[in-house]
Amino acid sequence: MEKKRTVFCRKVVAVSVLLALWQILSMWVGKSIFLPSVFDTLTALAALAGTRGFYLSIGASFLRIAAGFALAVSAGVPFAVLAERNAQLGEILQMFMQLVKSIPVASFVILILLWVRSSRLSIVVSFLMVLPVIFTNVRGGIRQVDIKLLEMAEVFGLGSLKKVKNIYLPAIRPAFVTACSVGLGFCWKSGIAAEVIGLPPNSVGGELYKAKLYLMTPELFAWTVVIVVVSVLFEKLVMWGIRKI
Amino acid sequence: MPIEMKHIKKSYGNQVVLEDFSLTIPDGGTVCLMGASGAGKTTILRILAGLTKPDEGEVVGVQGGKASMVFQEDRLLEWLDAFANVELVLGRISGGTYPAGQGIGRSAGMSDTKKSKSAKAALRDFLRLEFEAVGLCGYEGKPVSQLSGGMKRRVAIVRAICSQGGLLLLDEPFTGLDEVTKGQVIRYIKERTKGRTVVMVTHDAKDAAHLGAEIIRCGGLGNLRRMG
């Protein structure tokens, strides 16, 4: 209990120090258009929060990016299993993932825009950014499975389900948790970047673009704060869900 | 039906471990393999368990290819408790009671019927007696990761004894046990394996004597000497 309080206090101090630094820096710059103050940003955020579009944009962006993440997990895990079961398929999938990891988001966005509507762009981009992370980590986790336990399972004639539940899943779990944590950060960054380029209606990325276009720097900062808060909450939610499994 | 290993050859790379190795293990008998390290004792157990394929030769008589084994290492699932580690290898259970002294799989008759609460309770009662017999009373529900080395060893022994395999393979089963506990475990094994074929690897002839086992000295490369 004491430890939890200490950690919380440290976090509060850290946030306060960073906010103070931001405020000092903005006062030193002296022009809100270059670096708005904490107060300017909060004022812009409060104004945005009073509009319906604010919630619509957050909701729509959240759904698209979450869908991309969910698809990446749904595909990445079976792909990793298949790659470990078949060496040739594993090589093909590994190369594909390597390729996806090396291609810049901007290249993807332009190419994908030729194929899908802008409203679906962030789903595809989030999916493609998270897929290799899930694939690589889960595959690594499968390789970490203790061969000696698998031999034990063979001798005692354990069925596939029992093996998966009691040997594979516990071994893969740490790698899967890490993959999800890293992937969640990736999917928000890449998803919003895709929205800024694709400009789908009702999107945080679109609002960011508008703020940049009209030099509304406090709004730009306010939207950035929103992205950080929503992505952190999303990560907490997903991690809570994983812990419950 | 006796288990026969016929003209087995096994090498790892350039190192030949077994060459023209033949051994007959009487049905229901207890055999103890002894010999220097590297003589191929563990390889013999692995071949009997079906974990290692011989380069040449064959093994006949292992019923349904089923064996249960105490490995050199405990090979327990550390994240489960002692109960769950043993339950895991028992397969589906039917209703009924499980009197101590009977391997569940062999005596109580496994069926494909769904686990019922009463069956599960009966199984737990049975396992509690098994754990008690090896001095683990009160530790059944503890995660294996919290048990000492000697306790884990006994959980591994109970798991092998209770499982369905007709052939029981024990690879240095008493490692990490003090003399008193060892005596208790030997009595437990002796009592629970009546009529079951047992092959044990040990470096201590006294262990073999306590189990009433036939000692077979492995000299490597198929050189066997049967002792009384």
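Residues numbered from 1 in each chain as written. Chains lettered and ligands numbered in written order. Predicted model: local features only at pLDDT ≥ 70, side-chain atom pairs only at ≥ 80, totals over all residues. Heavy atoms only, no water.

Of the regular secondary structure elements, chain B holds seven helices and nine strands. Per-residue burial for chain B yields a buried fraction of 50% across its 228 residues. Counting only contacts in chain B whose residues sit at least 6 apart along the sequence, the fraction spanning at least 24 positions is 71%. For chain B, the exposed surface amounts to about 10000 Å²; the carbon and sulfur share of it is 49%. (Helix = DSSP H or I, 4+ residues; strand = E, 2+ residues; numbered from the N terminus. Buried < 20%, exposed > 50% of the residue type's maximum accessible area, 1.4 Å probe, protein only. Contact = heavy atoms within 4.5 Å. Areas by Shrake-Rupley, 256 points an atom, 1.4 Å probe, with all protein chains shown as cover.)

Next up on the list: the packing of aromatic side chains. Residue and element names in this part refer to chain A. With the rule as written, the count across this model stands at eight aromatic pairs over all chains. Centre to centre, the rings of Phe69 and Phe234 are 6.0 Å apart; their planes meet at 80°, and the pair counts as edge-to-face. Taken together, the residues span a long stretch of sequence, with Phe69 in helix H3 (residues 52–85) and Phe234 in helix H10 (residues 217–244) at a distance of 165 residues. Each member of the pair, Phe69 as well as Phe234, carries the same accessibility label: buried. Arranged with centres 6.2 Å apart and planes meeting at 75°, the rings of Trp188 and Phe234 form a pair that is edge-to-face. Here Phe234 lies in helix H10 and Trp188 lies in helix H8 (residues 160–198), a separation of 46 residues in the sequence. (Phe/Tyr/Trp six-rings, centres within 6.5 Å; stacked < 30°, edge-to-face > 60°.)

With 22 residues of chain B in contact, the opposing surface of chain A contributes 13 residues. The junction of chain B with chain A conceals about 1500 Å² of combined surface from both sides, 65% of it contributed by carbon and sulfur atoms. On the chain B side of the contact with chain A, Arg75, Trp79 and Leu88 of chain B bury the most area, a combined 37% of that side's loss. At the boundary of chain B with chain A, the tally comes to three salt bridges. Across the pair Arg46 of chain B and Glu151 of chain A runs a salt bridge, and its minimum N-O distance is 2.6 Å. Linking chain B with chain A are six residue pairs in polar contact (both at pLDDT 80 or more). Contributions of two or more residues to the side of chain B that touches chain A are made by helix H1 (41–49), strand E5 (67–70), helix H2 (82–88) and helix H5 (149–162) of chain B. When residues of the side of chain B that touches chain A are assigned to their parent elements, the largest contribution, three residues, is made by E5 of chain B. Across the side of chain B that touches chain A, the residue classes break down as twelve nonpolar, four polar and six charged. (Buried area = accessible area lost by both parts, 1.4 Å probe. Salt bridge = Lys/Arg side-chain N within 4 Å of Asp/Glu carboxyl O. Polar contact = N/O pair within 3.5 Å; in protein donor to acceptor, adjacent residues only side chain to side chain. Nonpolar A, V, L, I, M, F, W, Y, C, P; charged D, E, K, R; others polar.)

This model, assessed by the stated rule, comprises two cavities of 30 Å³ or more. Empty space within the largest cavity amounts to approximately 40 Å³. Around the largest cavity, the lining residues are Val155 and Phe156 of chain A together with Lys66, Ala67, Val89, Ser163, Gln164 and Gly165 of chain B. Counted by class, the lining of the largest cavity contains four nonpolar, three polar and one charged residues. Approximately 30 Å³ is the volume attributed to the second largest cavity. Taken together, Ile58, Ser61, Phe62, Trp188, Val204, Val226, Ile227 and Val230 of chain A make up the lining of the second largest cavity. Looking at the lining of the second largest cavity, the elements that each hand over two or more residues are H3 and H10 of chain A. Taken together, the residues of the lining of the second largest cavity sort by class into seven nonpolar, one polar and no charged. (1 Å grid on protein atoms, 1.4 Å probe; cavity = no way out; pocket = protein on both sides within 12 Å on 5 of 7 lines; lining within 4 Å. Points joined across faces, edges and corners; volume = space filled by probe spheres on them.)

All names here are of chain B. Here Met200 is to be found in strand E7 (residues 197–201). Along the chain, Met200 and Leu170 lie 30 residues apart, while their C-alpha atoms are 4.5 Å from each other. With residues near it in sequence (within four places) discarded, Met200 still touches Val31, Cys32, Leu33, Leu170, Pro173, Phe174, Asp207, Ala208 and Leu211.

Core analysis: the largest hydrophobic core is formed by 78 residues, its most contacted members being Leu33, Leu48, Leu127, Phe131, Leu169 and Ile189 of chain B. Ranked by size, the runner-up nonpolar core spans 41 residues in total, among them Val130, Leu131, Ile134 and Ala222 of chain A. (Core = buried A, V, L, I, M, F, W, Y, C linked by side-chain atoms within 4.5 Å.)

Residues of chain A with pLDDT of at least 70 account for 99%, and the chain-wide mean is 92. The spread of mean pLDDT over the elements of chain A runs between helix H5 (residues 105–113) of chain A, the lowest at 85, and H3 of chain A, the highest at 95. (pLDDT = per-residue confidence, 0-100.)

This next bit is on the pairing of E7 of chain B. Residues and elements named next belong to chain B. Of all five residues in E7, five are buried, a share of seventy percent or more. Burial along E7 is two-sided: Thr197, Val199 and Val201 and Val198 and Met200, pointing in opposite directions, are all buried. Taken together, the four bridges between strand E3 (residues 30–34) and E7 define a ladder with parallel strand orientation. Across the sheet, residue Val31 finds its bridge partner in E7, namely Val199. Pairing geometry for strand E6 (residues 167–171) and E7, over five bridges, is parallel. When the bridges of E7 are listed, Leu169 appears paired with Val199. Chirality of the crossover, the property in question, places the unit of E6, helix H6 (residues 179–192) and E7 among those that are right-handed. (Pairing = 2+ DSSP bridges. Right-handed = clockwise from strand over helix to strand, strands pointing away.)

Residue and element names in this part refer to chain A. Mapped onto the fold, Val196 is located in helix H8. Its relative accessible area of 27% is what places Val196 among the partly exposed residues. Remark: the alpha-carbon pair of Val196 and Val116, spanning 80 residues in sequence, is separated by 16 Å. Setting aside residues no more than four positions away along its own chain, Val196 makes contact with Gly205, Leu208 and Tyr209.

Here we take up the environment of Phe176 of chain A. All names here are of chain A. Here Phe176 is to be found in helix H8. Given a relative accessible area of 18%, Phe176 falls into the buried group. Each C-alpha atom of the pair Phe176 and Arg10 lies 29 Å from the other, and the pair is 166 residues apart in sequence. Ignoring sequence-local partners within four residues, the contact set of Phe176 consists of Val73, Val77, Val138 and Ile242.

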